[in-house]
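Residue-level listing of the chains:
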Amino acid sequence: MSTPTIEQVNAALATVNDPEIKRPITELNMVDRVEIGDDGNVSVTVLLTVAGCPLKDTITRDVTAAVTRVSGVTGVDLELGVMTADQRAGLQEVLRGGQAQREIPFAQPGSLTKVYAIASGKGGVGKSSVTVNLALSLAKQGLKVGVLDADIYGHSVPAMLGVGDARPTQVEDLIMPVPTPSGVSVISIGMLKPKREQVVAWRGPMLDRALVQMLSDVYWGDLDALLLDLPPGTGDVAISLGQHLPNAEVIVVTTPQEAAAEVAERAGTMASMMHQRVVGVIENMSYLACPHCAEEGKDHRLEIFGSGGGDRVAATLSARFGYDVRVLGRIPLDVSLREGGDSGKPIVEADPTALAAQELTRIAEDLSGRGRGLAGMQLGLTPSSRF
C-alpha cells in the first residue's frame, strides 16, 4: 500500500467544517501542521480559536475520521493547539470578508437571507414557541436557519432549543452563534450574561446596542432564513429593528380571544410604521381537539379562548395597509407543545405527528415556498438625474 501524500491529507481536512463557523478548517487557517511518516502514520496539529472551545471533541472526531479514510493512512495523531492573538485577528478578517467596519449583513442590498420578525401585541400568546418550531421546521427542509432571541427581558429561546446553559465562543470581537443538534444556530442576550439568573434591566439606548451587537458582531454565516423572537408590544426593540432591518418581514402571533387580537393589531401597525411588510398572522391556541371525539373519528373542536381573533387581525391589517395579510395558520392547543418547550425538545422534532406540529410544519413550508413581496417595503431606490 502506498504512503498517502500531503495533498491527499489536506484534501481530506478540507472536508472538515468547524462546527461553529460552518466553514472548512483549512479555509479558516486552523490546520497548523501535517506530517506523514514512512509507515503511513499522519500527525496533524489543528488550532482552536480559543482554549476552552466547547466543541473540540467534535473537531477531534471529525478530523480523525476524515484523515483515516485516506488510502494508505495507518494511524492519526491529532494535536490541538490554540490560535495566537494575531492568528485570531486574521481569522476575524477572513470571516468579515476583509471588511473591518461592523455592519449588519442582513441589511445589505445583496443579502439573500429572508428575515422574519415574530411579533405579538402581548405576552403569553406562545410567540417564542412558534419561533422555535418554525425555525426547526425550516431547518428540516434543508435550509440554513438562525434564531436571534431579541426578547431581551424574557429570553426563553435557548432553553426551548436545549442549549439554555451554552455560551458562545468569541473570536476577537466576533461572536459565534451557538449550534444546536438540529442544525439551527442561536444567539440570545441570555447567553451573553455572566450568570443565567442575572436580570437584564436596560432601557432604550442599551436595548438598541444589544440588538445591533447580536446582528453585526455575531458571525451568522450564509443563512437562508433568520428568525427574530421579538419582545411583546411596540417598545424600543421593535422600533430599533425597524430602523436597522427595514427589510425584515413581520409575522404577528395572536390567540383567538378579543383582547389578544386587539393588541396584536397594534404590533402589526407598528411594523408598517417602520416600513416593514407584515407577512401574515398566526393564531396560536386556536382550539383544543376533543380527545374523545378524535377516538371516534370525529373532528370536534373546543374553542377554549373563543374564535375569530386571527381573522380579525388579518382583516384589520389588510384594510390598513392596502395589501393582503393572510392567516398563515391556526395552531391547536397541545400538551406536547408545552412539554417540548420545557424539555428543550420542540414538538416538531419530539412529536412530529401531533396536530400542532403538522400545522407548524405546514406554515414553515408555506413561508419557504413564497417569494418576497414588495408591497409595504422600502425599495432602497434613489432618484437619478435624466440625461
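Residues numbered from 1 in each chain as written. Predicted model: local features only at pLDDT ≥ 70, side-chain atom pairs only at ≥ 80, totals over all residues. Heavy atoms only, no water.

### As for the packing of aromatic side chains
Line of reasoning, step 1. In this structure the tally under the stated criterion is one aromatic pair.
Line of reasoning, step 2. Sitting above the plane of the Y323 ring, R277 keeps its charged end 4.5 Å from the centroid.
Line of reasoning, step 3. When the ring centre of Y287 is taken as origin, the NZ or CZ atom of R301, which lies over that ring, is 4.0 Å away. (Phe/Tyr/Trp six-rings, centres within 6.5 Å; stacked < 30°, edge-to-face > 60°. Lys NZ or Arg CZ within 6 Å of the ring centre and 35° of its normal.)

### Remarks on the nonpolar core
Line of reasoning, step 1. Membership of the largest hydrophobic core comes to 75 residues, with the highest contact counts inside it found for F106, L134, L148, L215, L228, V278 and I282.
Line of reasoning, step 2. When residues in this core are grouped by element, the largest group, seven residues, is from helix α4 (residues 127-140).
Line of reasoning, step 3. Not counting residues within four places of it along the chain, the set of residues in contact with L134 comprises L227, I282, L360, I363, A364 and L367.
Line of reasoning, step 4. Core analysis: the next-biggest nonpolar cluster, separate from the first, contains 29 residues, V16, M83, L95 and L174 among them. (Core = buried A, V, L, I, M, F, W, Y, C linked by side-chain atoms within 4.5 Å. Buried < 20%, exposed > 50% of the residue type's maximum accessible area, 1.4 Å probe, protein only. Helix = DSSP H or I, 4+ residues; strand = E, 2+ residues; numbered from the N terminus. Contact = heavy atoms within 4.5 Å.)

### Notes on a nonpolar patch on the surface
Line of reasoning, step 1. On the surface, a cluster of nonpolar side chains totalling about 240 Å² of accessible area is made up of L302, I304 and F305.
Line of reasoning, step 2. Structurally, F305 is set in the loop between β14 (301-302) and α11 (309-321). (Patch = residues over 30% accessible without salt bridge, like charges linked within 9 Å, V, L, I, M, F, W, Y side chains within 5 Å. Areas by Shrake-Rupley, 256 points an atom, 1.4 Å probe, with all protein chains shown as cover. Salt bridge = Lys/Arg side-chain N within 4 Å of Asp/Glu carboxyl O.)

### With respect to the sheet that holds strand β3 (residues 75-82)
Line of reasoning, step 1. Overall, mixed pairing links the three strands, which are arranged β1-β2-β3 in an open sheet. If you trace the sheet from one side to the other, it starts and ends with β1 (31-36) and β3, each paired once. In this sheet, neighbouring strand axes are inclined to one another by 15° on average, regardless of whether the strands run parallel or antiparallel.
Line of reasoning, step 2. Both strand β2 (residues 41-48) and β3 contribute to a ladder of eight bridges, which runs parallel. The partner of V44 across the bridge, within β3, is L78.
Line of reasoning, step 3. Those strands touched by helix α2 (residues 56-68) are β2 and β3, and its axis lies near 145° from that of β3. (Pairing = 2+ DSSP bridges. Axes fitted to C-alpha atoms, helices over the stretch in contact; angles between N-to-C directions.)

### What to know about the side chain of D229
Line of reasoning, step 1. Topologically, D229 is positioned in strand β10 (residues 225-229).
Line of reasoning, step 2. There is a polar contact of 2.9 Å between the side chain of D229 and the side chain of K127.
Line of reasoning, step 3. Setting aside residues up to four positions removed in sequence, D229 forms contacts with I118, K127, S128, T131, L148, D149, A150, D151 and V157. (Polar contact = N/O pair within 3.5 Å; in protein donor to acceptor, adjacent residues only side chain to side chain.)

### A short note on the environment of T269
Line of reasoning, step 1. With respect to the helices, strands and loops of the structure, T269 is situated in helix α9 (residues 258-273).
Line of reasoning, step 2. Between the alpha carbons of T269 and L317 there is a distance of 7.1 Å; along the sequence they are 48 residues apart.
Line of reasoning, step 3. Among the polar contacts listed, one links the side chain of T269 to the backbone oxygen of E265, at a separation of 2.8 Å.

### Topic: the sheet that holds strand β12 (residues 277-283)
Line of reasoning, step 1. In space, the eight strands of this open sheet follow the order β8-β9-β5-β10-β4-β11-β12-β15, with mixed pairing throughout. Edge positions in the open sheet fall to β8 (178-179) and β15 (326-330), since each of these has one partner strand only.
Line of reasoning, step 2. Both β8 and strand β9 (residues 185-188) contribute to a ladder of two bridges, which runs antiparallel. Bridge assignment links P179 to a residue of β9, and that residue is S185.
Line of reasoning, step 3. Taken strand by strand, α4 contacts β4 (114-120), β5 (145-149), β10, β11 (249-254) and β12, and its axis lies near 170° from that of β10.

### A short note on the pattern of salt bridges
Line of reasoning, step 1. Under the defined criterion, the tally for this structure stands at 13 salt bridges.
Line of reasoning, step 2. The partner of K127 in a salt bridge is D229, and the shortest N-O contact between them spans 2.9 Å. Placement of the pair is K127 in helix α4 and D229 in strand β10, with a sequence separation of 102 residues. Each of the two residues, K127 as well as D229, counts as buried.
Line of reasoning, step 3. Two residues, E359 and R362, come together in a salt bridge whose shortest N-O distance is 3.1 Å. In this pair, E359 and R362 both sit in helix α14 (residues 355-369), three residues apart, roughly one turn of the helix.

### Things to note about the packing of helix α1 (residues 6-13) against α2
Line of reasoning, step 1. Contact pair α1 / α2: the axes reach a minimum separation of 8 Å and the direction vectors enclose 140°. Between α1 and α2, the interaxial angle falls into the category oblique. The chirality of how α1 crosses α2 is right-handed. On α2, the residues that touch V9, A12 and L13 of α1 are V63, A66 and V67.
Line of reasoning, step 2. Looking at side-chain class alone, the contact of α1 with α2 contains six nonpolar, no polar and no charged residues. (Parallel < 35°, antiparallel > 145°, perpendicular 65-115°, else oblique. Left-handed = near helix turned anticlockwise from the far one by under 90°. Nonpolar A, V, L, I, M, F, W, Y, C, P; charged D, E, K, R; others polar.)

### Overview of the confidence of the model for the protein
Line of reasoning, step 1. Averaged over all residues, the pLDDT of the protein equals 83, while 86% of them reach at least 70.
Line of reasoning, step 2. Per-element averaging of pLDDT across the protein places helix α10 (residues 291-295) at the bottom with 69 and β15 at the top with 96.
Line of reasoning, step 3. The model gives residues 372-387 a pLDDT under 50, and that stretch makes 21 contacts with residues more than four places away or in other chains. (pLDDT = per-residue confidence, 0-100.)

### Focus: unusual backbone geometry
Line of reasoning, step 1. Not every positive phi belongs to a glycine, and N29 is a case in point at roughly 60°.
Line of reasoning, step 2. If you trace the backbone, N29 turns up in the loop between α1 and β1.
Line of reasoning, step 3. A positive phi is found at M285, a non-glycine position, where the angle reads about 55°.
Line of reasoning, step 4. Mapped onto the elements of the fold, M285 is located in the loop between β12 and β13 (288-289).

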